[in-house]
Amino acid sequence: MKAPARFFCAEAARLRGDALAGTAPYGLVWILIEYRSGWPANGYEGLDLEPDVKARVYSAARAARARILLIRRPGRRRPDVPPRWAVLHHDRGGAHRQTWGTWQSDQDLAGIIGALGAPGERGRPPLLLVCAHGVHDTCCAIRGRPVAGALTDRWPDLVWECTHVGGDRFAANVLVAPDGVYYGNLDAPTAMVMLEEHLADRIHVDHLRGYTDLVPPQQAALSAVLHHAGPSGRHDYVVEETVRQDDRWRMRIAGRPVGLSVFEVEVHARRAAPHQLTCRGLSASSAVYYDVASLHVGSR
């Protein structure tokens, strides 16, 4: 008997045409822990760390609504250099902060707790975090690692592989932090183009999942604005007003620099038919998407 074809969630999502816009998880703070051994399927929660330190870091992360990601350099092993940790903050308006430390014992990770409330260093370039968490989802490894390798060749100091960032079916996924921008459905060539433009402060709607300081309907509306108006800087547009009625949202999105327009956008929520959304999914799930019903150029 012929074995059934292996299921790959990212391939299935592309065949279905799953929408990217409005799929970035909300978040303003990230905790990164360099971990060079094998990553557990559940990331930080599965690490064999000293229980008290592990619990304190986890509790502090929850209080700050921070996401913990394990990271590693693609393909490089430097046993002479201690592993690092970082706390990244996205401040609305573009003033981002980073705090870095090293750890050689589990107790050193307690430094993360104080860093969550520290001022941090401003002006550092963002990090390019490529999900390559194969134990969590096969597509993340198959599609993520080549992207991480290509980006590393171009920006060796900015690129890290990381654990699950959400949206396995959109692999390869790249989170730019602390900018708070998600890209998906990438391969090596498209990743190079998107990230080159991003680092020049030109956000393109192609492959854009959303901004993490916006909720999904707002992300979808802003993607529609970028599709209409063209690439923009990360903070060129602001959502001035959001009005919800049942499964509909009306939003006013204004350009901050002189010369950019104001847009009135209406978005409708739609629940898709159930599908297997991850490679290891045990049952079908229904994803919610946000369709743009109308977009009008308004006045100030």
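Residues numbered from 1 in each chain as written. Predicted model: local features only at pLDDT ≥ 70, side-chain atom pairs only at ≥ 80, totals over all residues. Heavy atoms only, no water.

Undergrad: Sorry, what's going on with the sheet that holds strand β13 (residues 288-298) here?
TA: Consider a sheet: its strands pair through backbone hydrogen bonds, and that pairing is either parallel or antiparallel. The antiparallel open sheet is built from 4 strands, whose spatial order is β10-β11-β12-β13. Of all the strands in the sheet, the pair left with one neighbour each is β10 (237-245) and β13. Each adjacent strand pair in this sheet contributes to an overall mean axis angle of 20°, direction not counted. Taken strand by strand, helix α6 (residues 216-229) contacts β10, β11 (248-255), β12 (262-271) and β13, and its axis lies near 50° from that of β13. (Pairing = 2+ DSSP bridges. Helix = DSSP H or I, 4+ residues; strand = E, 2+ residues; numbered from the N terminus. Axes fitted to C-alpha atoms, helices over the stretch in contact; angles between N-to-C directions. Contact = heavy atoms within 4.5 Å.)

Undergrad: Looking at this structure, I do not really get unusual backbone geometry. What am I missing?
TA: Most peptide bonds take the trans configuration, and most residues that are not glycine carry a negative phi. Looking along the chain, the bond that leaves A171 and enters A172 is cis, with omega of 5°. With respect to the secondary-structure elements, A172 resides in the loop between β6 (159-162) and β7 (174-177). Of note, the bond from A177 into P178 is cis; its omega dihedral lies within 30 degrees of zero at 5°. Although it is not a glycine, N185 sits at a positive phi angle of roughly 55°. By the secondary structure assignment, N185 is in the loop between β8 (181-183) and α5 (188-199).

Undergrad: Looking at this model, I keep getting lost on the sheet that holds strand β1 (residues 29-34). Mind explaining?
TA: One open sheet holds the 9 strands; their spatial order is β4-β3-β1-β2-β6-β5-β7-β8-β9, and the pairing between them is mixed. Each end of this open sheet is capped by a strand with a single partner; those strands are β4 (97-102) and β9 (208-211). Direction aside, the axes of adjacent strands within the sheet are offset by 25° on average. For strand β2 (residues 66-72) and β6, the ladder comprises 2 bridges, and the chain directions are antiparallel. Its bridge partner being in β6, R72 is matched across the sheet by E161.

Undergrad: Is there a simple way to explain the nonpolar core in this structure?
TA: One broad trend across soluble globular proteins is that nonpolar side chains are buried collectively. L151, V174, Y183, L195, Y211 and I253 are the most contacted members of the largest nonpolar core, which has 35 residues in total. No other element matches α6, which puts 5 residues into this core. Setting aside its immediate chain neighbours within four residues, Y211 contacts A24, G180, V181, I203, Q219, L222, L226, G233 and R234. Membership of the second largest hydrophobic core comes to 23 residues, among which are I31, W39, Y44 and W85. (Core = buried A, V, L, I, M, F, W, Y, C linked by side-chain atoms within 4.5 Å. Buried < 20%, exposed > 50% of the residue type's maximum accessible area, 1.4 Å probe, protein only.)

Undergrad: Help me understand the pattern of salt bridges in this model?
TA: Side-chain pairing between opposite charges can occur once the charged atoms of the two side chains come close. Taken as a whole and assessed by the stated rule, the structure comprises 15 salt bridges. A salt bridge links D18 to R169; its shortest N-O distance comes to 3.3 Å. Remark: R169 occurs in the loop between β6 and β7 and D18 occurs in the loop between α1 (9-16) and β1; sequence separation between them is 151 residues. Side by side, D18 and R169 carry an identical accessibility label, which is buried. Overlapping salt bridges, with partners in common, bring together R16, D18 and R169 in one network. (Salt bridge = Lys/Arg side-chain N within 4 Å of Asp/Glu carboxyl O.)

Undergrad: Teacher, can you tell me more about α6 here?
TA: Since the α-helix turns once every 3.6 residues, residues separated by three or four places project in the same direction. Taking 1.5 Å as the rise per residue, α6 with 14 residues should run 20 Å; its terminal C-alpha atoms sit 20 Å apart, in good agreement. Burial analysis of α6 places 10 of its 14 residues in the buried class, which makes it a mostly covered element. Buried within α6 are the following residues: P217, Q218, Q219, A220, A221, L222, S223, A224, V225 and L226. Close packing links the buried residues of α6 with β9, β10, β11, β12 and β13. (Expected span 1.5 Å × (residues − 1).)

Undergrad: Teacher, can you tell me more about the layout of surface pockets here?
TA: To find the voids left in a structure, one rolls a probe of water-molecule size over its atoms. In this structure, the largest pocket occupies an estimated 320 Å³ of space. Contributing elements (two or more residues each) for the lining of the largest pocket: α2 (51-63) and β2. Residue contributions to the lining of the largest pocket peak at 4 residues, all from β2. (1 Å grid on protein atoms, 1.4 Å probe; cavity = no way out; pocket = protein on both sides within 12 Å on 5 of 7 lines; lining within 4 Å. Points joined across faces, edges and corners; volume = space filled by probe spheres on them.)

Undergrad: What's the story with the environment of L70 in this structure? I'm lost.
TA: Here L70 is to be found in strand β2. Sequence separation between L70 and S294 is 224 residues, and the spatial gap between their C-alpha atoms is 40 Å. Setting aside its immediate chain neighbours within four residues, L70 contacts I33, Y35, W39, P40, G43, Y44, L47, E161, C162 and T163.

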